[in-house]
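Residue-level listing of the chains:
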Amino acid sequence: MNVGVVGLGYVGLPLAVAFAEAGDAVIGLDLDPIKVSAVAAGESYIEDVPSERLRAVLARIRTTYRYADLAKADAVIICVPTPLNENREPDLGPLDEAAKSLAQVVQPGQLIVLESTSYPGTTRERLLPLLESTGLRVGPDINLAFSPERVDPGRTDYTLRSTPKVIGAITPACLDRADELYSRICDHTVRVSTPEAAELTKLLENIFRSVNIALVNELAILAERMNIDIWEVIDAASTKPYGFMRFEPGPGMGGHCLPVDPFYLTWRARQFHMSTEFIELAGKINQYMPYHCVDRVQAALNDAAKPINGSHILILGASYKGGVGDTRESPALRIIEVLTRRGAIVNYHDDYVGPPPPPPKTTGPPPTTPTPPTLELQSVPLDQALPNADIVVLVTAHPNIDYTSLATQSTLFVDLRGITRGLHVENLETESAGAA
Ligand SMILES: NC(=O)c1ccc[n+]([C@@H]2O[C@H](COP(=O)([O-])OP(=O)(O)OC[C@H]3O[C@@H](n4cnc5c(N)ncnc54)[C@H](O)[C@@H]3O)[C@@H](O)[C@H]2O)c1
């Protein structure tokens, strides 16, 4: 098969490699020349795809930024970003852009699949009309489906192959073709009756996580005030063999998905005269968490008779989750920003996060996302930063780092992830000891 992948990011690149590994010829398209040249050179920028894995199948991956090259594909999968605009409403600019470009080259017999997360109705009401503007009809001429990406970056126990793939399509024939496509790279497919059901499935999964994380974050703040160790409580509750699922408190949510996707549904719900209270409340609590963490740092410094202003603060982990270098929406950025505004001299250490990325390449109108805090600092080596730090704050825990040892070496240590729980040293500010 010839498979086209539009958008070679966190979702698109692993997909391209998976199809190439299945023996298919892949046309990988991106508008970012840096990504196109990196993939062409066999250099992966996604942790889940080691460069060696990419190089092993490079002969079957052709990179391009010309949509005309997709005319040869049997199937084209769209994996472009779906961010929010400054009003926290869906920004379908990249998707519209990709769909319009694709419409100019789409061929009879092609299968088009959308993988970008969006509100129910996007495939049928947004993508379909753009594709049909060519005169081709979905059903008789081309096939169209939606299949959400579900892989958890950095995770190794569940992969693209072993994670069941949900698919919803416009017609039964579209569904058969999409099922056939994904069966080449996934062990299990889950067919649902419509693209809308598949679109809402993805949102349900993310909203479920967002709401539960918010719940445990709120309880963590309360437990702090009540001087109860939230980790002890979570560990104990997790022993219940049914009816409880473990979620852990932290500095807030990050990444492209959880802080963004639920608001696609909030926006859509308004068109149905409904307000999605759980989503809004979870968003509010999770967005507050970085500020709460700054308060914890301030309280710990205060106990040592130090102000934030002028203190040297070392942040451990700048990406939004352990084992990945993705800093999009990372709560660490907000924490760094607020501490810096309050006069702290902030450094971070994160081997996964490289130098600040170049501004993203966009097509069409200028980016409409609110100005998220960007990382203007560079990761500093631990041996340089640790001795000078008045306080060390563990924001994101990466694998294979001995945080217990770092905690004992630090002047003051605030652990926002509960990694050092159980450790009893004087310089450690634990969850339950936070001041009200
Ligand atoms: N990152 C994840 O873990 C994850 C998980 C599930 C779903 N998703 C969803 O998948 C979609 C893609 O996310 P991502 O994390 O891969 O984003 P990303 O930013 O890593 O990659 C998207 C790529 O699309 C390219 N692009 C933008 N406009 C384009 C256009 N018009 N034509 C061609 N390429 C274009 C960008 O240059 C970029 O390389 C989003 O809807 C996201 O919500 C992401």
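(A) Representation of the sheet that holds strand β11 (residues 391-394) within the structure. With respect to topology, five strands assemble into an open sheet ordered β10-β9-β11-β12-β13, the strand pairing being parallel. In the strand order of this sheet, the two ends are held by β10 (345-349) and β13 (428-429), each with one partner. Bridge analysis of β11 against strand β12 (residues 413-415) gives three bridges, and the strand direction is parallel. Of the residues in β12, the one forming a bridge with Val393 is Val414. Along the sheet, helix α10 (residues 277-303) makes contact with β9 (312-316), β11, β12 and β13, crossing β11 at roughly 150°.

(B) Just the environment of Met274, in detail. Examined against the element boundaries, Met274 turns out to sit in the loop between α9 (262-270) and α10. Residues Met274 and Pro129 lie 145 residues apart in sequence; the distance between their C-alpha atoms is 26 Å.

(C) Seen up close, the pairing of strand β6 (residues 143-146). Covered by surrounding structure in β6 are Asn143 and Ala145 together with Leu144 and Phe146, the residues of both alternating faces. Of the pairings in the sheet, the one linking strand β5 (residues 111-114) to β6 comprises four bridges and is parallel in character. The partner of Leu111 across the bridge, within β6, is Asn143. Following the chain from β5 across helix α5 (residues 122-132) to the adjacent parallel β6, one finds a crossover that is right-handed. Examined bridge by bridge, β6 and strand β7 (residues 165-169) share two bridges and lie antiparallel to one another. Paired with Ala145 across the two strands is Ala169, which belongs to β7.

(D) Molecular detail of the site of the ligand. Taken together, 27 residues form the shell around the ligand, and within it Val11, Asp30, Lys35, Tyr67 and Thr82 come nearest. In the environment of the ligand, an oxygen atom lies 3.0 Å from a nitrogen or oxygen atom belonging to the backbone of Tyr10. One of the side-chain N or O atoms of Tyr67 is found 2.6 Å from a nitrogen atom in the ligand. With the chains in place, 93% of the 820 Å² that the ligand exposes on its own is no longer accessible.

(E) Local environment of the packing of aromatic side chains. Inspection of the entire model under this criterion finds three aromatic pairs. With a centroid separation of 5.0 Å and an interplanar angle of 45°, the aromatic rings of Tyr119 and Trp267 are classed as tilted. With a gap of 148 residues between them, Tyr119 in the loop between β5 and α5 and Trp267 in helix α9 connect regions that are remote in the sequence. For Tyr119, a relative accessible area of 4% translates into the label buried. Taking the relative accessible area as the measure of exposure, Trp267 reaches 21% and is therefore partly exposed. Following the ring pairs from residue to residue traces out a cluster consisting of Tyr119, Tyr264 and Trp267. The lysine or arginine in question, Arg88, covers the ring of Phe263, its NZ or CZ lying 4.9 Å from the ring centre. Above the plane of the ring of Tyr182 lies Lys165, whose end atom (NZ or CZ) is 4.6 Å from the centre.

What counts, and at which threshold
Residues numbered from 1 in each chain as written. Predicted model: local features only at pLDDT ≥ 70, side-chain atom pairs only at ≥ 80, totals over all residues. Heavy atoms only, no water. Pairing = 2+ DSSP bridges. Helix = DSSP H or I, 4+ residues; strand = E, 2+ residues; numbered from the N terminus. Contact = heavy atoms within 4.5 Å. Axes fitted to C-alpha atoms, helices over the stretch in contact; angles between N-to-C directions. Buried < 20%, exposed > 50% of the residue type's maximum accessible area, 1.4 Å probe, protein only. Right-handed = clockwise from strand over helix to strand, strands pointing away. Near = heavy atom within 4 Å. Polar contact = N/O pair within 3.5 Å; in protein donor to acceptor, adjacent residues only side chain to side chain. Areas by Shrake-Rupley, 256 points an atom, 1.4 Å probe, with all protein chains shown as cover. Phe/Tyr/Trp six-rings, centres within 6.5 Å; stacked < 30°, edge-to-face > 60°. Lys NZ or Arg CZ within 6 Å of the ring centre and 35° of its normal.

The quantities given are spatial measurements derived from coordinates; they are silent on function.
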